[in-house]
Structures are given as C-alpha cells and as structure tokens.
Amino acid sequence: MLQQRGVSFGATASFVGTMRDFNEGDPVRKMVLEHYPGMTERHLELIVETARRRWKFLDALVIHRTGEVEPGDPIVLVAVWTAHRGAAFDACREMIEALKSEAPLWKKETLDDGERWVEKNTSGY
Amino acid sequence: MLQQRGVSFGATASFVGTMRDFNEGDPVRKMVLEHYPGMTERHLELIVETARRRWKFLDALVIHRTGEVEPGDPIVLVAVWTAHRGAAFDACREMIEALKSEAPLWKKETLDDGERWVEKNTSGY
Amino acid sequence: MSIRVRYFASLRDRMGRVEETLAAEGLATVSDVWKAVGEGKPLPEQILCAVNMDYADPDSPVKDGDEVAFFPPVTGGQQRAR
Amino acid sequence: MSIRVRYFASLRDRMGRVEETLAAEGLATVSDVWKAVGEGKPLPEQILCAVNMDYADPDSPVKDGDEVAFFPPVTGGQQRAR
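This report concerns the structure included in the present document. Just so you know, these numbers come straight off a predicted model, no measurement behind them. Per chain, the residues get numbers from 1 upward, laid out in the order the sequence is written. Chains and ligands are labelled by the order in which they are written, letters from A for the one and numbers from 1 for the other. pLDDT decides what is reported in this predicted model: residues at 70 or higher carry local features, side-chain atom pairs at 80 or more are listed and counted, and totals for whole chains, interfaces and linings draw on all residues regardless. By convention in this description, side-chain values take in all heavy atoms of the structure and omit both hydrogens and water.

Helix and strand definitions here come from DSSP, where helices need a minimum of 4 consecutive H or I residues and strands a minimum of 2 consecutive E residues; each element is numbered from the N-terminal end. Counting its secondary structure elements, chain C contains two helices and five strands. For chain C, the sequential pattern of α-helices and β-strands runs β-α-β-α-β-β-β. Here the C-alpha radius of gyration of chain C, 13 Å, is about what a compact globule of 82 residues would show, namely 12 Å. Each of the three principal axes of chain C carries a C-alpha extent, and together these read 50 × 25 × 20 Å. For the radius of gyration, the atoms used are the C-alpha atoms, and the globule rule reads 2.2 Å times the number of residues raised to 0.38.

Shown next, in the form of structure tokens:
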C-alpha cells in the first residue's frame, strides 16, 4: 500500500499501539474496547482533519479497534504520508496523543478475578 | 509480524523513506543507492545498538535498500518496538537521523539529461 | 418533544441503563438533563458530556430532538504502560 | 606489507579507480595514504575516511594490512525533500 500512494511524498511515519498483557500490576487476560458509534468515527476524522490543516500532509489513516481484544492484538494504528520526514513524525505523534485524549473510547479489562474499567489514560510516556 | 513479538511491548513506531520523483527542482527518473559492503551493515547495527542502550527498547529493525530504485520505491525502513510510545517515537526518529548522517550510503540520480551524485543530505525537515 | 440520553462505559454500569428518553419540557441545558436522570445531583466534574455527538459543557443548551450523552474520561489508544 | 585503498561514489568517479593497493612503507597515517594517492595534495575537508570500516581522521594511524577508504559525505535515507 505504501508504494502505491504516488511519488510526491517521501516519508511515511506510523504508530501501532498493541494490547499488553499487564496493567497496573495485574495480568490482563482480555479487554473490551467500547466506543460511541457515530461520535467516535467523527472524532477520529476530526483528528485527521486538524492535523492535515496544521501540517499539510498528503494523507493519513487512523484505525481504532473496537470490541474484544487479546494481548498482542493491535488496538490503534496512525499512519501519515508526507513529503518531509519531520512533519510525518510530528503529525503521527500529535494524532495519537489527540486520539487518546479526545476520541470516545473506553477499555474494560478482564483480570483473573473479574473485570474492571480502565479509569484513566497514560499521558504519554 | 507485529503481532508475534510478544505481549510486553505496547508501542510500535516505524518510518519508511520513499524515493520521490523530484529533487532540487528536477524530475528524477531513477536512482542508484551505493553502499560500502561491510561498513554500511556495521554502521546500521551500530545505530540500533546505540539507540537500544539509550532507550531500552525491546526490538528494532533498520533496513536500507541498495542498488537501483525507482520513484515510489521504499528506500529505508526504521521500526521500533517498545513498552511506551514516547520511547518508540523518539528512538525511531533518532535512528533515521543517525542513519542519514552516519551510514555510508550514496545516491546517484538519473535525470532526463544525465546522471548526478546527490551531494548533500537533508538535515531533517 | 423529547431528548434521548445515552450512557457509556462505567457510567452506564453505574446508571444501570444504556439510554432513556426524557420529555424535553423544562430541560434547557445539559446540566438540567443530568439533574433529571441523576436524582437531582449536580454533574460530577469528571463526567464528560456530548450533545449530538459533539463534546459539550454542563451549560450547553439542549432542545427537543437532541441526543445527550454522558460518559467517563476516555481511555482509547495504546494501553497504559506500567 | 600493503594497504588497500578504496574509493566510493563521486570520489571514485573523480579518482577514476575503485581501489588500489599501496606498499605500506612510509605510510603512518590516513593523511599519508591520501598524499600517496592524491598527487601530494592534502585531504580535502569534506572527504570522509575510514580505516578497517570505522570512521577515522586524517591523523588516524594506518598499518600493514589495513583497509583505508575515502568517500564523499553520505546521502542515505530518505531523499532530500525540496
């Protein structure tokens, strides 16, 4: 796919967030990703549009999984195609940060002894 | 492949640099990527090792194409797998910058009216 | 003549319902809607709200036909790394 | 009893040869090697050098059996975006 996006871009930066098998000190067996149908999609598009205006990149893709996931499963993909690599890195990073703080998505973890909602998000690092 | 790297990492950042069809105002038909067999490989490994010590990432991959390439072809891939996304982005970016300044690789472009060596590299943005 | 109210994630569990429909009379703001469904208590600061799928404030106006949603802080993206 | 000298990219074109082998006698540093192959001129500042595939300086020592390389600034990675 990367090679079919024309020849005016020179840089592709991408990020994949993957489900880990540990959180807050507890082993996590699986997870359910809940979203708000309609609002979530709109906000993912808004994140792309905001970044596009800021960085003038050529193309971007944001995909977020919903429903049940298991450790090792990819949860989120952000990919950016630009002419310059600085813009690709900056836009990709900004978009994943925006997604985490703005997109209506919630995680419920299944532990060995029950379920729990993830209550807050990591702020980045 | 991303999904088979275990469940202790949560972040994958990658960068692909692609051949563009324009450089310094001229259309570029194709390009030859020359390397110094032995020294180039050693320096790509050194870039990975340096970043691994600095960021403690779990895994990284650097691939650079050599020989003849055409517009749209990927030239370089840097991929980093880590627990935290901040480290993944930082390491990926640092590695591509290091590659551009340190790895013995040279480009010769074929233009409409002849060939030319690319004389200097973009410093980033 | 009605306002649809939806709940998500842990708040849905706490409310014990997915959605409900209120008569619009007397509901001028998001805050009014919350008071109507939340036993008169003020909207907790950490609860987010949306009107017609856009983020809103407690003071945001609501009108007949609107969809109002309440939910906890979002936790999408990469899993917390700890 | 010899030192292998290699050239890359535009410098190879300018030298008109890919590599050559010099007798090691009298060659103590990279700079000496360059003078031997470059008609006695000093090593241009923009030319990079390596000894046994590690980056080196003009003052770096060389010895019998070493491989010395000279090449222009590297231009790998993503193509210049302009």
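Next up on the list: the pattern of salt bridges. Two side chains bearing opposite charge may form a pair once their charged atoms approach each other closely. Here, a salt bridge means any side-chain nitrogen of Lys or Arg that lies within 4 Å of a carboxyl oxygen of Asp or Glu. Evaluated as defined, the whole model comprises 33 salt bridges over all chains. Arg-54 of chain B serves as the salt-bridge partner of Glu-94 of chain B, at 4.0 Å between the closest nitrogen and oxygen. One end of the pair, Glu-94 of chain B, is in helix α2 (residues 85-102); the other, Arg-54 of chain B, is in helix α1 (residues 39-55), with 40 residues separating them in the sequence. Assessed through its relative accessible area of 35%, Glu-94 of chain B is described here as partly exposed. Each of the salt bridges in this network shares a partner with another, and the network as a whole consists of Arg-4, Arg-6, Glu-19 and Glu-67 of chain C. Each residue is placed in one exposure class: buried if its accessible area under a 1.4 Å probe, protein chains only, is under 20% of its type's maximum, exposed if it is over 50%, and partly exposed if it falls in between.

Sheet architecture is open: six strands sit in the order β5(A)-β7(A)-β1(A)-β1(B)-β7(B)-β5(B), paired in antiparallel fashion. In this open sheet, the two strands that pair with only one neighbour each are β5 (59-64) of chain A together with β5 (59-64) of chain B. Averaged over all pairs of adjacent strands, the angle between strand axes in this sheet comes to 10 degrees, irrespective of strand direction. Whether two strands pair comes down to DSSP finding at least two bridges between them. Between the N-to-C directions of two axes lies an angle of 0 to 180 degrees, each axis being a line fitted to C-alpha atoms and, for a helix, fitted only over the stretch in contact.

Residues and elements named next belong to chain C. Structurally, the position occupied by Tyr-7 is in strand β1 (residues 2-7). The sequence separation of Tyr-7 and Lys-35 amounts to 28 residues, and the corresponding C-alpha distance is 14 Å. When sequence neighbours within four positions are dropped, the list of residues in contact with Tyr-7 reads Arg-12, Met-15, Arg-17, Val-18, Glu-19, Glu-20, Val-37 and Phe-70. Counting of polar contacts relies on pairs of N or O atoms within 3.5 Å, with two restrictions inside protein: one atom must be capable of donating a hydrogen and the other of accepting it, and residues adjacent in sequence are counted only when both atoms are side-chain atoms. Here Glu-20 takes part through its side chain, which lies 2.4 Å from a polar atom of the side chain of Tyr-7. Any two residues whose heavy atoms approach within 4.5 Å at even a single point are treated as in contact.

Let us now look at α1 of chain B. Within an α-helix, residues lying three or four positions from one another point in the same direction, as the helix has 3.6 residues per turn. All names here are of chain B. One fewer than the residue count of a helix, multiplied by 1.5 Å, yields its expected span. Between the first and last C-alpha of α1 there are 24 Å, a value that for 17 residues agrees with the 24 Å anticipated at 1.5 Å per step. Those residues of α1 that sit buried are Met-39, Thr-40, His-43, Leu-44, Ile-47, Val-48, Ala-51 and Trp-55. Once α1 ends, the next one or two residues include Lys-56, with phi positive near 50 degrees.

Moving on, we get to the state of the cysteines. Disulfide assignment relies on a single distance test, namely cysteine sulfur atoms paired within 2.5 Å. Summed over all chains, the structure comprises zero disulfides over all chains. Here Cys-92 of chain A stays free of any disulfide, with the sulfur of Cys-92 of chain B as its closest cysteine sulfur at 9.0 Å. Residue Cys-92 of chain B is classed as buried on the basis of its relative accessible area of 0%.

All names here are of chain A. One way to put it is that helix α1 (residues 39-55) packs onto helix α2 (residues 85-102) with a least axis distance of 10 Å and a crossing angle of 150 degrees. On the basis of their axis angle, the class for α1 and α2 is roughly antiparallel. Note that α1 runs across α2; the crossing there is right-handed. Along the contact surface, α1 presents His-43, Leu-44, Ile-47, Val-48, Ala-51, Arg-54 and Trp-55, while α2 presents Ala-87, Asp-90, Ala-91, Glu-94, Met-95, Ala-98, Leu-99 and Glu-102. Here the angle decides the label: under 35 degrees means roughly parallel, over 145 means roughly antiparallel, 65 to 115 means roughly perpendicular, and every other value means oblique. Note on convention: near helix rotated counterclockwise from far helix by under a right angle means a left-handed crossing. Clockwise means right-handed.

Before going further, it helps to examine the interface of chain A and chain C. With 36 residues of chain A at the interface, the matching set in chain C holds 25 residues. When chain A packs against chain C, close to 2700 Å² is buried across both sides, 51% of that on carbon and sulfur atoms. The tally of links between chain A and chain C comes to two salt bridges. Here Glu-34 of chain A and Arg-12 of chain C are joined by a salt bridge, their closest N and O atoms 2.5 Å apart. Put simply, chain A and chain C have 14 residue pairs in polar contact (both at pLDDT 80 or more) between them. If you list the elements that add at least two residues to the side of chain A that touches chain C, you get β1 (11-18), β2 (22-23), β4 (30-35), α1, β7 (74-82), α2 and β8 (105-111) of chain A. When its residues are assigned to classes, the side of chain A that touches chain C shows 17 nonpolar, nine polar and ten charged. Here the buried area means the combined drop in accessible surface, using a 1.4 Å probe, for two parts upon being joined, counting both sides. Three classes are used: nonpolar for Ala, Val, Leu, Ile, Met, Phe, Trp, Tyr, Cys and Pro, charged for Asp, Glu, Lys and Arg, and polar for all others, with Gly counted as polar.

To continue, consider the nonpolar core. Met-95 of chain A together with Met-95 of chain B are the most contacted members of the largest nonpolar core, which has 64 residues in total. What Met-95 of chain A contacts, discounting residues up to four positions off in sequence, is Ile-47, Val-48, Ala-51, Phe-57, Ala-60, Val-62, Val-78 and Val-80 of chain A. Residue types Ala, Val, Leu, Ile, Met, Phe, Trp, Tyr and Cys, when buried and joined through side-chain atoms within 4.5 Å, form a set referred to as a nonpolar core.

Function-wise, these values are silent; they only describe arrangement.
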